[in-house]
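Descriptive structure summary
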Amino acid sequence: MLEARNLSVRYGELSVLDDVSFKVGKKEWVMIAGPNGAGKSTIVNAVSGGAPYTGTLLFEGKDLRRLKPAEIARLIGILAQSSHVGYSFTVEEIVKLGRYAYSKSAFSALSKTDEEYIERALELTGLLEIRGQSVLTLSGGERQRAFLAQVLAQDPELLILDEPTNHLDLPYQKSTFEMIKAWIEETGRSVISVVHDLSLAKAYGTHALLMNRGRLVSSGAVKEVLTREKLESVYGMDVYDWLSSMLSQWQEG
């Protein structure tokens, strides 16, 4: 579905992403992991068009540079770490914006298909009961769910998540990842997630990219990438031992 060939990003003399190549197949959930400064979010920015890059990005064989913005919006949906809105849009109005890429003009009425995708997105994210509520009155978790519903209504072939639950409480983290898992199973689409929480990466990811200092250390199935040895090489500590010791604090008896 998505293929990156020799992807590099430089800002002046600083190289933040160096010659990274990987592929994302259908129904895969690819977790991008690594310490701070590893280049995780830079990959997302390059794919989404937010960072200048050298190399090639192909979507189903088509060069992303040659596609129009509206075409890319139908293929790729992006949910950032946090989404801000300064106007008192309702939840439903926010979700409706996800269908903008399919409209013939800024003033086109929504089609029956648009309405169906909007309704399904509201249902999947559990927002039907508050669809008429202003997003300015929502909690952080509810607001993030509204923007997740927006990108689900967009119906992209590939969903990109840049630490979408980083600032959310545990129930919202769990519900968000479960929603995304259900969306993959229902639609057969693919997801790329930038994650700090390696437990979430192992629990939900099918594949992973392990990054360090702008370079790709390992890629492949999660169990082949997030190994004790590879994680220790990039984090400089025994990650398995640390996470096991944290888990032991919750064991009864």
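Here, the structure is the one placed above.
The structure contained in this document is the topic of the report that follows.

Calculation criteria
Residues numbered from 1 in each chain as written. Predicted model: local features only at pLDDT ≥ 70, side-chain atom pairs only at ≥ 80, totals over all residues. Heavy atoms only, no water. 1 Å grid on protein atoms, 1.4 Å probe; cavity = no way out; pocket = protein on both sides within 12 Å on 5 of 7 lines; lining within 4 Å. Points joined across faces, edges and corners; volume = space filled by probe spheres on them. Helix = DSSP H or I, 4+ residues; strand = E, 2+ residues; numbered from the N terminus. Nonpolar A, V, L, I, M, F, W, Y, C, P; charged D, E, K, R; others polar. Salt bridge = Lys/Arg side-chain N within 4 Å of Asp/Glu carboxyl O. Buried < 20%, exposed > 50% of the residue type's maximum accessible area, 1.4 Å probe, protein only. Pairing = 2+ DSSP bridges. Axes fitted to C-alpha atoms, helices over the stretch in contact; angles between N-to-C directions. Contact = heavy atoms within 4.5 Å. Phe/Tyr/Trp six-rings, centres within 6.5 Å; stacked < 30°, edge-to-face > 60°. Core = buried A, V, L, I, M, F, W, Y, C linked by side-chain atoms within 4.5 Å. Left-handed = near helix turned anticlockwise from the far one by under 90°. Expected span 1.5 Å × (residues − 1). Arc of directions from axis to C-beta.

Space inside the largest pocket adds up to approximately 240 Å³. If you go around the largest pocket, the residues you meet are L170, Q173, K174, D197, S199, L200, A203, Y204 and L243. Counting only elements with at least two residues in the lining of the largest pocket, the list comes to α6 (170–187) and α7 (198–204). By residue class, the composition of the lining of the largest pocket is five nonpolar, two polar and two charged.

The subject of this paragraph is the pattern of salt bridges. For the structure on display, the rule yields 10 salt bridges. Between D18 and R215 there is a salt bridge; the shortest N-O distance is 2.6 Å. Residue D18 is located in strand β2 (residues 14–24), and its partner R215 is located in strand β10 (residues 215–221); the two are separated by 197 residues in the primary sequence. Using a relative accessible area of 25% as the deciding quantity, one classes D18 as partly exposed. Residue R215 is classed as partly exposed on the basis of its relative accessible area of 49%. Between E186 and R120 there is a salt bridge, and its shortest N-O distance comes to 2.4 Å. Of this pair, E186 sits in helix α6 while R120 sits in helix α4 (residues 112–124); the two residues are 66 residues apart in sequence, bridging distant segments of the chain.

Right, let's get into the sheet that holds strand β7 (residues 158–162). Here we have six strands laid out as an open sheet, ordered β6-β7-β8-β3-β9-β10, and mixed in their pairing. A strand with exactly one partner marks an edge of an open sheet, and here the two such strands are β6 (76–79) and β10. In this sheet, neighbouring strand axes are inclined to one another by 15° on average, regardless of whether the strands run parallel or antiparallel. As judged from the four bridges shared by β6 and β7, these two strands associate in the parallel manner. The residue bridging I76 from the neighbouring strand is L158, located in β7. Of the strands in this sheet, β3 (29–33), β9 (207–212) and β10 are in contact with helix α9 (residues 228–235), which crosses β9 at around 30°.

Under the criterion given, the structure shown has four aromatic pairs. Summarising the aromatic geometry, the rings of W29 and F177 are spaced 5.6 Å apart at their centres and angled 10° between planes, so their arrangement reads as stacked. Of this pair, W29 sits in strand β3 while F177 sits in helix α6; the two residues are 148 residues apart in sequence, bridging distant segments of the chain. Like F177, W29 is buried. With centroids separated by 5.8 Å and ring planes inclined at 45°, the aromatic side chains of W29 and Y204 adopt a geometry described as tilted.

Turning our eyes to something else, we now look at the nonpolar core. In this structure, W29, V91, V95, L148, L159, V191 and L226 are the most contacted members of the largest nonpolar core, which totals 43 residues. A total of seven residues in this core trace back to one element, the largest contributor, which is helix α5 (residues 140–153). Residues within four places of L226 in sequence aside, it is in contact with A33, A201, K202, A208, L231 and Y240. Judged by nonpolar contacts, the second largest core, of 31 residues, contains M1, V47, Y53 and V194.

One can describe the packing of α4 onto α5 by two numbers: an axis separation of 8 Å at closest approach and a directional angle of 140°. Regarding α4 and α5, the two cross each other, and that crossing is right-handed. Touching Y117, I118, A121 and L124 of α4 are A149, L152 and A153, all from α5. Counted by class, the contact of α4 with α5 contains seven nonpolar, no polar and no charged residues.

The subject of this paragraph is α6. Along its 18 residues, α6 runs 26 Å from first to last C-alpha, staying within 8% of the 26 Å computed at 1.5 Å per residue. Within the span of α6, buried status applies to Q173, T176, F177, M179, I180, W183 and I184. Looking straight down α6, one finds its buried side chains confined to an arc of 155°; they lie on one side. Those residues of α6 that are exposed and aimed more than 90 degrees away from the buried face are L170, P171, K174 and E185. Tucked into the core, α6 has its buried residues touching β3, α4, α5, β7, β8 (190–194) and α7. A positive backbone phi angle near 75° is found at G188, which sits one or two residues after α6.

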